[in-house]
Structure formats: C-alpha cells, structure tokens
Amino acid sequence: MKLPLLISSALSLSLPRADVGTWSTLAPIPLFPRQEHSTVLLNSSSFAIVGGVIPTETGVNTTALVQLYNIPSNTWTTLAPLPVALNHPNAAAVDGKIYVLGGLAAASDGAWRGTPQSWVYDPKANKWSALEPMPASEARGSAAVGVYNELIFLAGGMSVLEPVAGGKQETVNTVSAFDTELGKWVTLPETAKRMPEARDHAGAAVVDTKLYVLGGRDHGQANVKGSVLAISLGRLDVGWRTVKGVMPTPRGGVASAKLGRKVYTLGGEGNLVEGSKGVFNQVEVYDAAKDTWEVLAPMKVPRHGTSAVAVDGKIFVPGGSVSQGAGPVDVLDVFVPGS
Ligand SMILES: *[C@@H]1O[C@H](CO)[C@@H](O)[C@H](O)[C@H]1NC(C)=O
Ligand SMILES: *[C@@H]1O[C@H](CO)[C@@H](O)[C@H](O)[C@H]1NC(C)=O
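As annotated in an unreviewed UniProt entry, the protein is Galactose oxidase from Schizothecium vesticola.

## A short note on the overall build of the protein
Helix and strand counts for the protein stand at one helix and 26 strands. Relative to the compact-globule value of 20 Å for 339 residues, the protein shows a C-alpha radius of gyration of 19 Å, a close match. Once the C-alpha set of the protein is aligned to its principal axes, its extents read approximately 65 × 45 × 40 Å. Every one of the 339 residues in the protein was classed for burial, and the buried ones make up 55%. Sequence separation of 24 or more characterises 53% of the internal contacts of the protein that already satisfy a separation of 6 or more. Total accessible area on the protein is roughly 14300 Å²; 55% of this is exposed by carbon and sulfur atoms. In the protein, 28 side chains carry a positive charge and 28 a negative one; their mean positions are 4 Å apart.

## Looking at the site of ligand 2
Close contacts around ligand 2 come from L42, N43, S45, S46, L68 and P123, and that covers them all. One of the side-chain nitrogen or oxygen atoms of S45 is found 3.2 Å away from a nitrogen atom of ligand 2. At a separation of 3.4 Å, an oxygen atom of ligand 2 approaches a polar side-chain atom of S46. The protein chains hide 45% of the 360 Å² of surface that ligand 2 would expose on its own. Residues belonging to the shell around ligand 2 are distributed by class as follows: three nonpolar, three polar and no charged.

## So, the packing of aromatic side chains
Throughout the structure, instances matching the rule amount to 11 aromatic pairs. Of the aromatic side chains, those joined through ring pairs into one cluster are F47, Y69, W76 and F316.

## Structural notes on the site of ligand 1
As a matter of local geometry, ligand 1 sits amid I54, P55, T56 and N61. For ligand 1, the accessible surface in isolation is 370 Å², of which the surrounding protein chains cover 31%. Counted by class, the shell around ligand 1 contains two nonpolar, two polar and no charged residues.

## With respect to the sheet that holds strand 20 (residues 255–259)
Reading across the sheet, the four strands line up as 20-21-22-23 and stay open at both edges, with antiparallel pairing between neighbours. Edge positions in the sheet fall to strand 20 and strand 23 (292–296), since each has one partner strand and no second. Adjacent strand axes in the sheet meet at a mean angle of 25°, parallel and antiparallel pairs treated alike. Note: strand 22 (residues 279–287) against strand 23, five bridges, orientation antiparallel. Note on strand 23: the bridge partner recorded for E284 is V295.

## With respect to the sheet that holds strand 7 (residues 75–79)
Two orientations exist for strands paired in a sheet by backbone hydrogen bonds: parallel and antiparallel. What the four strands build is an open sheet, ordered 2-3-6-7; its pairing is antiparallel. Strand pairing shows two members of the sheet lacking a second neighbour, strand 2 (38–43) and strand 7, which therefore form its edges. Recorded for the sheet is a direction-independent mean angle of 25° between the axes of neighbouring strands. When strand 6 (residues 66–70) meets strand 7, the two strands line up antiparallel, connected through five bridges. In the strand pairing of strand 7, L68 is matched with T77.

## Overview of the environment of L259
Structurally, the position occupied by L259 is in strand 20. Through-space distance from the C-alpha of L259 to that of H88 is 23 Å; in sequence the pair is 171 residues apart. Dropping the residues within four chain positions of it, L259 is found in contact with Y264, A310, V311, G313, K314, I315 and P337.

## Observations concerning the environment of F316
By secondary structure assignment, the location of F316 is in strand 25 (residues 314–318). Every residue in contact with F316, bar those within four places of it in the chain, is listed here: L26, F47, Y69, I71, S307, A308, V309, V311, L332, D333 and V334.

Thresholds, definitions, all that
- Residues numbered from 1 in each chain as written.
- Chains lettered and ligands numbered in written order.
- Predicted model: local features only at pLDDT ≥ 70, side-chain atom pairs only at ≥ 80, totals over all residues.
- Heavy atoms only, no water.
- Helix = DSSP H or I, 4+ residues; strand = E, 2+ residues; numbered from the N terminus.
- Rg over C-alpha atoms; globule rule 2.2 N^0.38 Å.
- Buried < 20%, exposed > 50% of the residue type's maximum accessible area, 1.4 Å probe, protein only.
- Contact = heavy atoms within 4.5 Å.
- Areas by Shrake-Rupley, 256 points an atom, 1.4 Å probe, with all protein chains shown as cover.
- Lys, Arg positive; Asp, Glu negative; His and termini not counted.
- Charge placed at Lys NZ, Arg CZ, Asp CG, Glu CD.
- Near = heavy atom within 4 Å.
- Polar contact = N/O pair within 3.5 Å; in protein donor to acceptor, adjacent residues only side chain to side chain.
- Nonpolar A, V, L, I, M, F, W, Y, C, P; charged D, E, K, R; others polar.
- Phe/Tyr/Trp six-rings, centres within 6.5 Å; stacked < 30°, edge-to-face > 60°.
- Pairing = 2+ DSSP bridges.
- Axes fitted to C-alpha atoms, helices over the stretch in contact; angles between N-to-C directions.

Put into structure tokens, the structure is as follows:
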C-alpha cells in the first residue's frame, strides 16, 4: 500500500521543482557591469563585491573596484579600491573585516596570473592594509573559500588563466589556510594540503565543521565536475574524501551560498546545450545533513562568473556573465528558496 508514496517521493528527488523558490530583481550594480568578482557578506545588512572585470571597448579590464550593497535600503556605495586590480580574488569576511588572499592580476602579455599579495579591509577606516603574502608557490585565484573560526581556507583555484579561446587554464589542487588572529599563513598537515583532484571555479561552503568543494572544473570550461570534495576542519589529519551526493548537473563557474545546512549552487559555465550560450541556469541544493541534492527553480537571468551570499533566508547574486567567457552584466537579483 505504501509503494506509490515511495515512488513519488523518490521521483521528486530527481525532478526539477520549478515551483520551489522565487527570483526578484534589485538595484543594479552602479558604475560598471561586473564579473569574476568575489562577493562577501560583511554583516547581516550589507555585502561587498570585490575586484573582477569590467567591459571596455575591446574586451574587459581587471578592476580594483569595491562596492557595498545595503540590503535594507537596496542601495550601493563605493568603498576604497583594492591596492591592485584583481579578478577571481579569494575573499572572505571574518569579524566584520574583508580579507582578500591573492587572486589573478592582468600581466602585460595579457595572461591573468596568480598573485600571492593579500590584504585586509577595515570598514571603520575604509582602508586596505597589506598582510603576509601567501607562499609564492601557492599564488592563485578562483579558490574555493571557507571560514572556520579564525581560519580562512583556500582550496584549489587556478594559477594562470589566458583569457582567450583555447588559452591556458592552470588548475591546482593546493590547499592553504590563513590565521586571521595571528596574521600568518598556516602550515597544513600532509593529509590536508592537497585535494584529491584539482578544481577551480567551484562552489564552497563550511557546514558545521566541514569544508565542502562543490563541482567546479579542471583545465578549461568544458571539463566540468559534479562531485563534492569534503574535509573535516577539526580533523585535518583524516584528510579529504569525496561525498556520496553528486551534483545533478555538473558545473564550473558556479555561485554558491549556504543557508542552514544546505548549500545552494547557482548557474555556471561550460553548458554544451544549444541555445544556452554556454551558461547554466540550474539552481541545485546540497543538503549536507542528508548528503543529497535537490533541483530548484532555475535562474531568471542565467549567469556564470559571479558569486553569491546568503542571509536571512535570501541568496543575493550580483553581476556575472550571461554568455560563456566575457559578458558582464549589472544585474543584482535575489533568490528565496522557499521550502
Ligand atoms: C582599461 O585599461 C586600459 C589600460 O590600462 C585603460 O587605458 C582604459 O582606460 C581602461 N578602460 C576602462 C573602462 O577601465
Ligand atoms: C554593516 O557594515 C556597514 C559597512 O561598514 C555599516 O555601514 C553598517 O552599519 C553595518 N551594519 C550592521 C548591522 O552592523
């Protein structure tokens, strides 16, 4: 007698639930459309977008721009710029300060190369201060970033990105950690300092004590990943493992954000479906407590090359690109997952 119920609940796991979640549009990013920035939640009422690329007449320029969005008033302001222009910065907020721990800088030959330079932003002084740079051999951007107590972890990323068709994309499996209290880079145990696979442009979140690296890609847009790598940050000696739950749609260039014990992955790049412009519209959520995935309402404006923050049951997604590669937009929208 229970069989039909079991079947319907099993089906609902794999079917798109387009009814679940709503998208709304907010005030667009002023000054310039933007992609390949980082988005960090400064406090419960504001988030910042840091660096990235902006359009020019001939392509895109890497920017040092930092802008703050105030959630209650739906308004943007401009903060002190980064000391150098960076795209794919590795950024996190800890204790009301923004940390930028390396990223990619535009070199004179046109390639984007990893820089070890690191800074902290103090909102009270509206000022960036230099930190100990990360070890030069670990310099990279586009890492999966997770905060655990006073530590910021960077997992994977890319050391070089040549922003041309078929250009080099050097994906790494390096893991680094910065201690924000000591102002020093941490030496990680052998079990923790490399992921089992190289990843860049992945989703990331710390749930309870575990860092999850969701999807991403390896050496180029096409080689998308659907698996989730995880490490217990309180037990680094146990090392990395691959969880059972696999992303329904493998994607790189995803935005990700955590609400409760669920990690939302939004959009992405490397879609081979005709008419997609290489961009994914998928919104899929990983339930870390159950180790399962669910498909939610797709993005109204499908994008890659953005990043998201979540607060008070809402996920904010500023900027990104609407086509594979460069195509920055000024869209800010918000997704409310519902239940
Ligand atoms: C892009 O960078 C070039 C070279 O640095 C500069 O001349 C130009 O003004 C920049 N354009 C924009 C829109 O920032
Ligand atoms: C959040 O940070 C912004 C920027 O420093 C500040 O203007 C605002 O007052 C802060 N809000 C809260 C609730 O702390």
